[in-house]
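# Residue-level structure breakdown
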Amino acid sequence: MSNPSILILPGDGIGPEVMAQVTRIIDWYGNKRELAFDVSTDLVGGAAYDAHGVPLHDDTMARAMEVDAVLLGAVGGPKYDDLDFSVKPERGLLRLRKEMDLFSNLRPAQCFDALADFSSLKKDIVAGLDIMIVRELTSGVYFGEPRGIFNEGNERVGINTQRYTESEIERVARSAFDLAMARGKKLCSMEKANVMESGVLWREVVTRVHADYPEVELSHMYADNGAMQLVRAPKQFDVIVTDNLFGDILSDVAAMLTGSLGMLPSASLGAPMDNGRPRAMYEPVHGSAPDITGQSKANPIACILSFAMALRYSFDQGAEADRLEAAIETVLADGLRTADLLGDDGATPVSTSGMGDAILAALDASL
Ligand code: NAD
């Protein structure tokens, strides 16, 4: 049987710097755990524009549709700010999400004990936090028609349309219930059923899907209350499922409970492929960080945790994902920190590759 395949798209700015550390970890799994991957690398974003005049070449798109998982670094940078909208680096990312139909966006908010002081909330509220927000990614108000700025009488009106079909709600709900089954069997669905018809339908469909997951404890919450509860007592949640707009905001709120942007991974999943694996792209939440590019300051952990998500959700290697997350926990507990995590607690500063070295050493020690 052939090895599972991964397409690596490092992108721009710190993307290639953090992805270099992920590549070392992928090699470690091949050498030390007999878990070899067929890895290919290609261009996306500004790097693809420089080479091909487009932020994603058709051949790269075709390759992304063939592999078992895509790992993406980050795209964009000041050099590309004045490009026409149609060829901006972000368009490469959006094309991947759209053509792969990645409708379920998983954003974990996990607080490593060693970093609990980094949260803007009190330590006891966030220590041990481990929640997952599932955001619908391909529909809702960001895509609904009609949209635009129109003339109405003697003034203009800006219009966007919140629109969800039952099948769009159902597929993301199933993805969230599946996750809840693999975690704490607790799911909270958030919408605004009190004021939006799309929210009423959302609640109805999620409740209907629940019948297929009787072991999961389902609750519903209005999204504004959800935002308050996330800041007041985030540990009451396990998995949260919500629409594109609320998910955009709530996942950022939840993520920031845990500290630095350099620590936040994500997964975007689509429908199962012929081999049963979901179409999938994994990427850190952060951007290309032009302010620190080329200075060996970037924290590679968000990108490495994104690969841990790939191990878990694409390759059915949950125990190896646990091993990688535990290695990161060890390194942080030992006080090693990239610049973004340095406080006044006497931690040891390390470079991007120094963090990679330490995680590889912790992986070796785990054997
Ligand atoms: P950013 O995430 O790149 O950076 C915000 C701040 O966080 C910066 O101070 C940066 O140094 C820091 N930071 C980010 N990642 C870090 C890491 N791994 N380690 C240490 N520090 C880190 O956001 P921005 O500055 O708003 O955007 C910069 C560029 O990235 C823009 O071109 C933007 O369009 C693009 N962008 C891309 C994505 C993506 O590829 N998914 C996401 C957001 C922004």
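All values derive from a computational prediction rather than experimental measurement. (Residues numbered from 1 in each chain as written. Predicted model: local features only at pLDDT ≥ 70, side-chain atom pairs only at ≥ 80, totals over all residues. Heavy atoms only, no water.)

## Regarding the sheet that holds strand β8 (residues 186-191)
The ten strands lie next to each other as β2-β1-β3-β12-β11-β4-β5-β10-β8-β9, forming an open sheet whose pairing is mixed. What marks the edges here is a single partner per strand, and that holds for β2 (38-41) and β9 (217-222). Averaged over all adjacent pairs, the angle separating strand axes in this sheet is 20 degrees, with direction ignored. In the sheet, strand β1 (residues 5-11) pairs with strand β3 (residues 69-74) via five bridges, with the strands oriented parallel. Looking across to β3, one finds that G11 is bridged to A74. Seen against the sheet, helix α9 (residues 244-256) touches β4 (104-110), β5 (130-136), β8 and β10 (239-242) and runs at an angle of roughly 160 degrees to β5. (Pairing = 2+ DSSP bridges. Helix = DSSP H or I, 4+ residues; strand = E, 2+ residues; numbered from the N terminus. Axes fitted to C-alpha atoms, helices over the stretch in contact; angles between N-to-C directions. Contact = heavy atoms within 4.5 Å.)

## A look at the site of the ligand
Around the ligand there are 21 residues in total, and E90, G287, A289, D291 and N299 lie nearest to it. Between the ligand and the protein, one listed contact pairs a nitrogen atom with a side-chain N or O atom of H286 at 3.3 Å. Here an oxygen atom of the ligand and a backbone polar atom of A289 are 2.8 Å apart. Notes on the ligand: free accessible area 800 Å², of which the protein chains cover 68%. (Near = heavy atom within 4 Å. Polar contact = N/O pair within 3.5 Å; in protein donor to acceptor, adjacent residues only side chain to side chain. Areas by Shrake-Rupley, 256 points an atom, 1.4 Å probe, with all protein chains shown as cover.)

## Quick look at unusual backbone geometry
Of the consecutive residues E145 and P146, the connecting peptide bond is found in the cis state with omega at 0 degrees. For P146, the location among the structural elements is in strand β6 (residues 144-152). Phi is positive for S296, which is not a glycine, with a value near 60 degrees. In this model, D316 sits at a positive phi of 55 degrees, which is unusual for a non-glycine residue. Within the secondary structure layout, D316 lies in the loop between α10 (301-313) and α11 (318-333). On the accessibility criterion, D316 (71% relative accessible area) is exposed. (Buried < 20%, exposed > 50% of the residue type's maximum accessible area, 1.4 Å probe, protein only.)

## Re the pairing of β6
As paired elements, β6 and strand β7 (residues 155-161) share six bridges and run antiparallel to each other. Bridging from a neighbouring strand, G148 pairs with I159 of β7.

## So, the packing of aromatic side chains
Taken as a whole and judged by the stated rule, the model has six aromatic pairs. Between the aromatic rings of F37 and F315, the centroid separation amounts to 4.9 Å while the plane-to-plane angle is 55 degrees, which identifies the pairing as tilted. Of this pair, F37 sits in the loop between α1 (15-32) and β2 while F315 is found in the loop between α10 and α11, placing the two residues 278 residues apart along the sequence. Residue classification places F315 among the buried residues on the basis of a relative accessible area of 6%. Considering the side-chain rings of F177 and Y213, the 4.9 Å spacing of their centres and the 10 degrees angle between planes classify their relative orientation as stacked. In this pair, F177 is assigned in helix α6 (residues 166-182) and Y213 in the loop between α7 (197-210) and β9, connecting sequence segments 36 residues apart. Like F177, the residue Y213 is buried in the burial classification. (Phe/Tyr/Trp six-rings, centres within 6.5 Å; stacked < 30°, edge-to-face > 60°.)

## Describing the packing of α6 against α7
Two numbers describe how α6 lies on α7: the axes approach to 9 Å, and their chain directions differ by 50 degrees. Regarding the angle of α6 to α7, the classification is oblique. For the crossing formed where α6 meets α7, the hand is right-handed. Counting all contacts with α6, which are made through E166, I169, E170, V172, A173, R174 and F177, the residues of α7 involved are L201, W202, V205, V206, R208, V209 and H210. Here the contact of α6 with α7 is built from residues that sort into nine nonpolar, one polar and four charged. (Parallel < 35°, antiparallel > 145°, perpendicular 65-115°, else oblique. Left-handed = near helix turned anticlockwise from the far one by under 90°. Nonpolar A, V, L, I, M, F, W, Y, C, P; charged D, E, K, R; others polar.)

## A closer look at the domain arrangement of the protein chain
Here the protein chain is described as being made up of domain 1 (1-103 + 265-367) and domain 2 (130-257). Of note, the centres of domain 1 and domain 2, computed from C-alpha atoms alone, are 26 Å apart. Each partner contributes to the interface: domain 1 provides seven residues, whereas domain 2 provides eight residues. With both sides pooled, the region where domain 1 packs onto domain 2 buries about 680 Å², and carbon together with sulfur makes up 64% of that total. Of all residues in domain 1, D101, F103 and Y313 bury the most surface against domain 2, accounting for 67% of the area lost on that side. The interface formed by domain 1 and domain 2 includes one salt bridge. Where domain 1 packs against domain 2, one counts two residue pairs in polar contact (both at pLDDT 80 or more). Partitioned by chemical class, the residues of the side of domain 1 that touches domain 2 number four nonpolar, one polar and two charged. (Domains from an automatic or database assignment. Buried area = accessible area lost by both parts, 1.4 Å probe. Salt bridge = Lys/Arg side-chain N within 4 Å of Asp/Glu carboxyl O.)

## Focus: the side chain of S139
By the secondary structure assignment, S139 is in the loop between β5 and β6. A polar side-chain atom of S139 sits 2.9 Å from a polar atom in the side chain of E168. When sequence neighbours within four positions are dropped, the list of residues in contact with S139 reads R163, Y164, E168 and N244.

## Details of the environment of N194
Looking at where N194 falls in the secondary structure, it is placed in the loop between β8 and α7. Overall, the relative accessible area of 41% leaves N194 in the partly exposed class. Taking C-alpha positions, N194 is 7.6 Å from Y222, a pair spaced 28 residues apart along the chain.

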